[in-house]
Amino acid sequence: MKNLGQDEMAKYPFLADAGQYLKDQGFTLEQFGSDPDLKLFVDKAIHRIRSAAKGIPYKSDIMDNEIRDDATLPKEVFSFLLAVILLKLTGINTLIRRFSLAEARRAEEYLQKDLKKMSDEDKDELAIKIIYDLSSITVKKTDKNEDKFFIPVSDYLVHSVHFHEKEWKLINRHVEKGNVFLTSHQVARLVRSELSSFISKKIFSVNTPSMIIGFQKPVEELASFAKIFSVPTMVSTEYPPCIKHAIEVLEKGENLSHSGRFLLGTYLMGVGKPIDQIAPLFKNAPDYNEKITMYQLNHLKGSSGSGTKYKCPSCERVKSKDLCFATSDCDGIINPIQFKKKRV
Amino acid sequence: MLEQDLQLVETAFKKYYFDHFDLLPIPERALEREFGYQKFNGGMNRHISIKSNEELRLMLITNIPSDVYCSNGYYSFPNLPMSEKDWKEADLIFDIDAKDLNLDCRQEHTCIKCLACGKISSLQLTCTSCKSTKIEIKSLTCKNCISRAKQEVFKLREILEEDLAIKKENIQIYFSGNEGFHIHVTNSLYQQLGSRERNELVDYIMFRGVMPETFGMKKYKPERSSFVNIDDKGWRGRASKHIFGSKSKRSKAITEIISEPDGYTIFQNKLENLKDVIGVKIDPNVTIDIHRIFRLPGSLNSKSGMSKILCENLEKINPFSDACFIDDEKTDILANCPIEFTLKNEKFGPYNNEKVTLPKYAAIYLICKGLGNIT
């Protein structure tokens, strides 16, 4: 991305090359570690990481979508780039993931604002370019002077399938002539995960020595801070209702559909049951054949055929096959496998 | 299939592939596709590469397959195992089958065959003779089934062309050779989509997972101004027409719905019920599959002995005569088919386990359906 203005650099600091930018500004990383005058940038970087990890919005110095004064730009860009360096040195995935997501959400807000203020003729708007570079989505504005944009259906599907909210289903969108119509807010939201993965890739790929003088202490502090994010889980010995139903159908000697058998087989394998304990469940099926059952289970496991190891289908897929019998215990899970191990 | 039946059917199939090879043009980009076939009483042979019409002809004549398939997917190495094929893209494919349409007429032309004792009887859950639950459902398609399946194809075509902007020339419609239609979409913007994305397209086409808010009905404080218009494009307009009836009735209908205390739920139920009326009844498993080997156009369907044929004029096509290519040589058969059927404008049956002499296409039809065999 070339020729970024000051506003853009502050709003989208991840577009800058960390090492090069600092060099261009006449600084080395060691200076940030040792010079007391530069300590405020390191502190701001740590604050940025901590806010992100806790899910607290980072308070930027940008006002009304523009930088407030000359001091704002370095603070915004340096603190971001130093955060990238600190995270790389810390190497803790939880912090990196949370920071990337928080920064993506921050950038998303600016993308939305930039799209909204875009005029009909402004086809080269930076927001449009960023979205294209990150996600290969070509966003166009409708002719009418309103907050309405459109993208090709195929591009929309590639990005929206990762959302679980019903409003993102294609059926709940305005679709016309191969395009999906969206507001600036929705367009920006659509690329959040691309923004986030771009930022995390940036962190993983940045070149740093194993430690920088003066960074040792903040890195240790961040590592200790990250410990609060370990998640307690509870393990249930119960099967989810969809699996219970599938087993009941088979126990009654009734026919369980192909999808139902696939669900049962992949689920039980997914929770670690060996094939010789799964196969007897199918004994009551009207068309039971031991040899075929063993072959099919081995196929699911990836021991035969293409070697593909099949995974338990998502709750959404289970629902679409009329095999879902969800109860309140299923709240918050998106795959039957998660039923056994739920966060508390 | 019994030995003497097999001989008759294989000879007829071989003759078809010999006489009507012109009906099986090798698909475009055949070099990148995987072919497969099944033999009568045999398993599936997959991961086959066929490069030319000559190779296809040789495969058909030497193997006399019961069914022939070709992938919707394109690969760098179509003949290698699935994990090594290197998938590039796949045509969008749709299967519309009369058996999935819940038609009332099905009762009249469906029977059961007991897998334990072989008894054929009218549609029920258990065998009338030995009470076994291991039964096979046998259905013979009727004109109504085909006509209703055609309506689904028209609905699908409208969505493909108008909502998804797929060009008419890239949509090919085929009679499946048995109970419905196969629709192939080639060279579209959707070629690269994976299974999950195709699943979303399926939900869109089937009108599944729709929210009242999409049509302007809010859960709290619904407003008249937020409702979509009847002449809006896509599902918004299409569904609104069904919900409100007409432009003149729209205003009154909205007033009624927003003044109801449980208007949101009522609207939601209306949409749910509408799914079965306006949603296109495609087989989701077919469309989401990007590695499927799908029946090859022009090949015979072993469930009926009829061909998968291109429908240039869907309205006019009559598969019971247009897709029936087996000759009419007189053939003796023991027919056990309690249902009347029509082929090449001639009515046959019902037959109560009786010896009859039929044209070969009708005899093959009954054998393929498992409702007759050579005496």
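All values derive from a computational prediction rather than experimental measurement. (Residues numbered from 1 in each chain as written. Chains lettered and ligands numbered in written order. Predicted model: local features only at pLDDT ≥ 70, side-chain atom pairs only at ≥ 80, totals over all residues.)

## With respect to the overall build of chain A
Our working rule: Where helices and strands are cited, they refer to DSSP runs of H or I of at least four residues and of E of at least two residues respectively, numbered from the N terminus. Our exposure labels follow a C-beta count within 10 Å of each residue's own C-beta, placed from the backbone: buried means 20 or more other C-beta atoms, exposed means 12 or fewer, and partly exposed covers the counts in between. Residues are defined as contacting one another if the C-beta atoms placed from their backbone atoms lie within 7 Å.
Counting its regular elements, chain A contains 16 helices and eight strands. Of all 344 residues assigned to chain A, the portion counted as buried reaches 36%. Within chain A, residue pairs in contact and separated by at least 24 positions form 71% of the contacts whose partners lie at least 6 positions apart.

## Describing the overall build of chain B
When you go through chain B residue by residue, the secondary structure sums to 10 helices and 20 strands. A burial count over chain B gives 42% of its 375 residues as buried. Long-range contacts, defined as pairs at least 24 residues apart, comprise 65% of the intrachain contacts of chain B with a sequence gap of at least 6.

## Remarks on the interface of chain A and chain B
We count it as follows: Under the scheme applied, nonpolar residues are Ala, Val, Leu, Ile, Met, Phe, Trp, Tyr, Cys and Pro; charged residues are Asp, Glu, Lys and Arg; polar residues are all the others, including Gly.
Across the boundary between the two partners, chain A contributes 22 residues, which contact 28 residues of chain B. At the level of elements, α8 (153-160) and β5 (174-176) of chain A are the ones that each hand at least two residues to the side of chain A that touches chain B. Broken down by element, the residue count for the side of chain A that touches chain B peaks at four residues, all from α8(A). Of the residues contributing to the side of chain A that touches chain B, the split by class is nine nonpolar, eight polar and five charged.

## Some points on the sheet that holds strand β8 (residues 120-122) of chain B
Residues and elements named next belong to chain B. Test applied: In short, DSSP must find at least two bridges between two strands for them to pair. Orientation is described by axes fitted as lines to C-alpha atoms, over the contacting stretch for helices, and by angles from 0 to 180 degrees between their N-to-C directions.
Strand order in this open sheet of three strands is β8-β7-β9, and the pairing throughout is antiparallel. The sheet is open, and its two borders are formed by β8 and β9 (135-139), each paired with just one other strand. Each neighbouring strand pair of the sheet contributes to a mean axis angle of 35 degrees, computed without reference to strand direction. In this structure, strand β7 (residues 110-114) lies alongside β9, joined through five bridges in antiparallel fashion. Directly across from Cys-111, in β9, lies its bridge partner Lys-138.

## Examining the packing of helix α6 (residues 93-116) of chain A against helix α7 (residues 126-135) of chain A
Residue and element names in this part refer to chain A. Defined as follows: An angle below 35 degrees is read as roughly parallel, one above 145 as roughly antiparallel, one from 65 to 115 as roughly perpendicular, and any other as oblique.
One way to put it is that α6 packs onto α7 with a least axis distance of 8 Å and a crossing angle of 130 degrees. As judged from the angle between their axes, α6 and α7 are oblique. On α7, the residues touching Leu-111, Asp-114 and Leu-115 of α6 are Leu-126, Ala-127, Ile-130 and Ile-131. Along the lines of polarity and charge, the residues of the contact of α6 with α7 split into six nonpolar, no polar and one charged.

## Notes on the sheet that holds strand β6 (residues 92-97) of chain B
Residues and elements named next belong to chain B. Read across the open sheet, the four strands follow the order β6-β11-β10-β15; overall the sheet is antiparallel. Strands with a single pairing partner mark the edges of an open sheet, and in this sheet they are β6 and β15 (309-310). Pairing between β6 and strand β11 (residues 180-185): six bridges, direction antiparallel. Following the sheet pairing, Ile-93 is matched in β11 by His-184. Across the face of the sheet, helix α3 (residues 143-163) comes into contact with β6, β10 (171-175) and β11 while running at roughly 15 degrees to β11.

## With respect to the confidence of the model for chain B
In plain terms, the rule: The predictor rates its confidence in each residue with pLDDT, a number between 0 and 100.
Looking at chain B, the pLDDT average stands at 94 and 100% of residues meet or exceed 70. Under the prediction, the complex receives an ipTM of 0.92, its pTM being 0.83.

## Notes on the pairing of β11(B)
Residue and element names in this part refer to chain B. Most of β11 is tucked away, with five of its six residues classed as buried. Inspection of the sheet shows β10 paired to β11 by five bridges, in the antiparallel sense. Residue pairing across strands places Ile-173 opposite Ile-183, the latter belonging to β11. Here β10 hands over to β11 after four residues, with Gly-177 in that stretch at a positive phi of 100 degrees.

## Brief notes about the packing of helix α5 (residues 234-244) of chain B against helix α7 (residues 263-278) of chain B
Residue and element names in this part refer to chain B. Spelled out, the test is: For a crossing to be left-handed, the near helix must be turned anticlockwise from the far one by less than a right angle; the clockwise case is right-handed.
Across the interface, α5 lies against α7 with an axial gap of 11 Å and an inter-helix angle of 110 degrees. One element, α5, and the other, α7, form an angle in the roughly perpendicular class. Pair α5 / α7 crosses with right-handed handedness. Where α5 abuts α7, its residues Arg-238, Ala-239, His-242 and Ile-243 lie against Lys-270, Leu-274, Val-277 and Ile-278. In the contact of α5 with α7, the residues fall into five nonpolar, one polar and two charged.

## Overview of helix α10 (residues 192-205) of chain A
Test applied: Expected helix span is computed as 1.5 Å times (number of residues minus one).
The end-to-end C-alpha distance of α10(A) is 20 Å, a good match for the 20 Å that 14 residues give at a rise of 1.5 Å each. Buried residues of α10(A): Leu195(A), Ser196(A), Phe198(A), Ile199(A), Ser200(A), Lys202(A) and Ile203(A), and no others.

## Description of unusual backbone geometry
Between Gly349(B) and Pro350(B) the backbone carries a cis peptide bond, its omega angle lying at -5 degrees. Relative to the helices and strands, Pro350(B) is located in the loop between β18 (346-348) and β19 (351-359). Backbone geometry at Asp322(A) places phi at a positive 60 degrees, although glycine is not the residue there. Its place among the elements puts Asp322(A) in the loop between α16 (315-320) and β8 (341-343). Asp322(A) gets classed as exposed once you count the C-beta atoms within 10 Å, which come to 10.

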